[in-house]
Amino acid sequence: MNITPEIRGKLENMEKRLAELERRMAAPDAARNNGFRDAAREYNRLAPPVSAFRELLDVERETCKCEELLRTETEEDVLRLCRDELKTLNAKREKKENLLAERLSDAVAPDVKSFIMEIRSGAGGSEAALFAGDLYRMYTRYAEKKGWRTENLSSHPTTLGGFKEVVFAVNGAGAYAALRYESGVHRVQRVPVTESGGRIHTSTVTVAALIEPDEIEVRLDPSDVRVDTFRSSSAGGQHVNKTDSAVRITHLPSGMVVECQDERSQHQNREKAFRLLRARLMEKLRAEQQEKLARERRSQVGSGDRSERIRTYNFPQGRVSDHRAGVTLYRLQELLDGGLDELLEPLRRALRAKEIEEKLADV
């Protein structure tokens, strides 16, 4: 990460803010103050990046001293020691910059307890639906390897085994940080099972990672919501049960509609439908604010715009290419089996610096 003068200035502001919070929290009556909890939360958010920034400054000061000796010293033995020390300091500086970038990224990222992933088939008909199923299995297997909990909220399976749409929640430490950049259009190139001529077919699937808000963050006026029930059915049209357990919720002001029918209980489907509606409304508000306040800064890197093609999965070559990070791996099957770390880590590094610059703009 390049520590530009602008970012350095923001970090200095954070350091001053941290010192102010320390003084407030050390006051004799601080614990009885209504704002103590908020101050402690902000302190815990700012302390890690400020600590890393101070460590980086220490290395920079040592580097300056070493460079000064190289300019003024004449003894060859001393010069040789200085050159060796400078190599060590440069390596140390790179590590400190990477540590600072990681802690800054955590500091500016939303505090997310749970989030929702939506996978929808796009262009390509049944082949797109099949690949939507492949991505669903990829993400849930990855979550299982990481020890995260997943919960299916809604799905519309197809007769061939794919999904028109599948929605599930992910809960676990570090889950959102790992998967937050998956939003966008995923393109697949392969020979469909139904293609007798062996021609490569191109299909698309959209993925969205939506922060799941608390009820208090997205308040729903009962008069703005219409709830309908209907009978659940499977992909082939056969009734799962004979009661109207499926739930359809329409948010009248926005026209947004969500359906849940995977559970046998109408109460459970209703609860999941409201969770999904809140998450989609939260995403809609976030997108509108981003459009209004940061139009000139918006780009494929951080926008999460679903119209952007972010990744291509080429089956004939066994290749996966992420177009944002410029990363290409020839381990397609391993990735689809949930081995995503090798792809996600360089992606996070590539997108992190841009995101930090945008988030620090308001510091």
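Residues numbered from 1 in each chain as written. Predicted model: local features only at pLDDT ≥ 70, side-chain atom pairs only at ≥ 80, totals over all residues. Heavy atoms only, no water.

## Re the packing of helix H1 (residues 5-26) against helix H2 (residues 36-72)
Next up, step 1: Where H1 meets H2, the axes come as close as 8 Å, and the angle between the chain directions of the two elements is 130 degrees. Overall, the two elements H1 and H2 adopt an arrangement that is oblique. Crossing of H1 against H2: the hand is left-handed. (Axes fitted to C-alpha atoms, helices over the stretch in contact; angles between N-to-C directions. Helix = DSSP H or I, 4+ residues; strand = E, 2+ residues; numbered from the N terminus. Parallel < 35°, antiparallel > 145°, perpendicular 65-115°, else oblique. Left-handed = near helix turned anticlockwise from the far one by under 90°.)

## Here's the deal with the confidence of the model for the protein chain
Regions with low pLDDT should not have their predicted coordinates read in detail.
Next up, step 1: Per-residue confidence for the protein chain gives a mean pLDDT of 82; residues scoring 70 or more make up 83%.
Next up, step 2: Segment residues 236-240: pLDDT under 50, and nine contacts once partners within four positions in sequence are set aside and those in other chains are kept.
Next up, step 3: Contacts for the low-pLDDT stretch residues 293-306, under 50 throughout, to residues beyond four places or in other chains number 30 contacts. (pLDDT = per-residue confidence, 0-100. Contact = heavy atoms within 4.5 Å.)

## A look at the packing of aromatic side chains
In this description, an aromatic ring pair is defined by two values, namely the gap between the centres and the angle between the planes.
Next up, step 1: Enumeration according to the criterion identifies five aromatic pairs in this entry.
Next up, step 2: Each ring, one from Phe115 and one from Tyr176, has its centre 5.3 Å from the other, and the planes form 65 degrees; the classification is edge-to-face. With Phe115 in strand S1 (residues 114-121) and Tyr176 in helix H5 (residues 175-179), this pair connects stretches of sequence that are 61 residues apart.
Next up, step 3: A relative accessible area of 13% means that Tyr176 is categorised as buried.
Next up, step 4: Each ring, one from Tyr136 and one from Phe168, has its centre 5.3 Å from the other, and the planes form 75 degrees; the classification is edge-to-face. Pair noted here: Tyr136 is in helix H4 (residues 126-146) and Phe168 is in strand S3 (residues 163-171), with a separation of 32 residues, a long-range link. (Phe/Tyr/Trp six-rings, centres within 6.5 Å; stacked < 30°, edge-to-face > 60°. Buried < 20%, exposed > 50% of the residue type's maximum accessible area, 1.4 Å probe, protein only.)

## Section: the pairing of strand S4 (residues 184-190)
Next up, step 1: A large share of S4 lies buried, amounting to seven of its seven residues.
Next up, step 2: Alignment of S4 against strand S5 (residues 201-211), held across seven bridges, turns out to be antiparallel. Within the sheet, the bridge partner assigned to Arg190 lies in S5 and is His201.
Next up, step 3: Sheet topology places S4 next to strand S9 (residues 309-314); five bridges connect them, and they run parallel. When the sheet's bridge partners are listed, Val185 is paired in S9 with Arg309. (Pairing = 2+ DSSP bridges.)

## Digging into the environment of Gly172
Next up, step 1: Checked against the element boundaries, Gly172 lands in the loop between S3 and H5.
Next up, step 2: Looking at Gly172, the relative accessible area reads 22%, which means it is partly exposed.
Next up, step 3: Other than its neighbours up to four places away in sequence, Gly172 contacts Lys113 and Trp148.

## Some details on the environment of Leu79
Next up, step 1: Within the secondary structure layout, Leu79 lies in helix H3 (residues 76-108).
Next up, step 2: In the structure, Leu79 is positioned 13 residues away from Cys66 in sequence and 9.5 Å away in space, judged by C-alpha atoms.

## Observations regarding the side chain of Ser245
Next up, step 1: With respect to the secondary-structure elements, Ser245 resides in the loop between strand S6 (225-230) and strand S7 (246-251).
Next up, step 2: Judged by relative accessible area, Ser245 falls into the buried class, the value being 1%.
Next up, step 3: The residues contacting Ser245, other than those within four sequence positions of it, are Phe230, Ser232, Glu263, Arg264, Ser265, Gln266 and Asn269.

## Notes on the environment of Val193
Next up, step 1: Among the secondary structure elements, Val193 is positioned in the loop between S4 and S5.
Next up, step 2: Given a relative accessible area of 80%, Val193 falls into the exposed group.
Next up, step 3: Remark: the alpha-carbon pair of Val193 and Glu127, spanning 66 residues in sequence, is separated by 8.4 Å.

## Some details on H1
Next up, step 1: The end-to-end C-alpha distance of H1, which contains 22 residues, comes to 32 Å, matching closely the 32 Å that a straight helix rising 1.5 Å per residue would cover.
Next up, step 2: Those residues of H1 not exposed but buried are Ile7, Lys10, Leu11, Met14, Leu18 and Leu21. One side of H1 holds all its buried residues, which, seen down the axis, span an arc of 100 degrees. Away from the buried face of H1 by more than 90 degrees, exposed residues Pro5, Lys16, Arg23 and Ala26 are located. (Expected span 1.5 Å × (residues − 1). Arc of directions from axis to C-beta.)

## Considering the sheet that holds S3
Next up, step 1: An order of S2-S3-S1-S5-S4-S9-S10-S11 is seen for the eight strands of this open sheet, with the pairing classed as mixed. The open sheet has two edge strands with one neighbour each: strand S2 (149-157) and strand S11 (327-329). Pairs of neighbouring strands in the sheet enclose a mean axial angle of 15 degrees, with direction left out of account.
Next up, step 2: Where S1 meets S5, seven bridges bridge the pair, whose relative direction is antiparallel.

## Some thoughts on the pattern of salt bridges
Next up, step 1: By the definition in use, this model includes 29 salt bridges.
Next up, step 2: Note that Arg137 and Asp134 form a salt bridge whose closest N and O atoms lie 2.7 Å from each other. Of this pair, Arg137 and Asp134 both sit in helix H4, three residues apart, which is roughly one turn of that helix.
Next up, step 3: A network of salt bridges, in which partner residues are shared, links Arg8, Glu60, Arg93 and Glu97. (Salt bridge = Lys/Arg side-chain N within 4 Å of Asp/Glu carboxyl O.)

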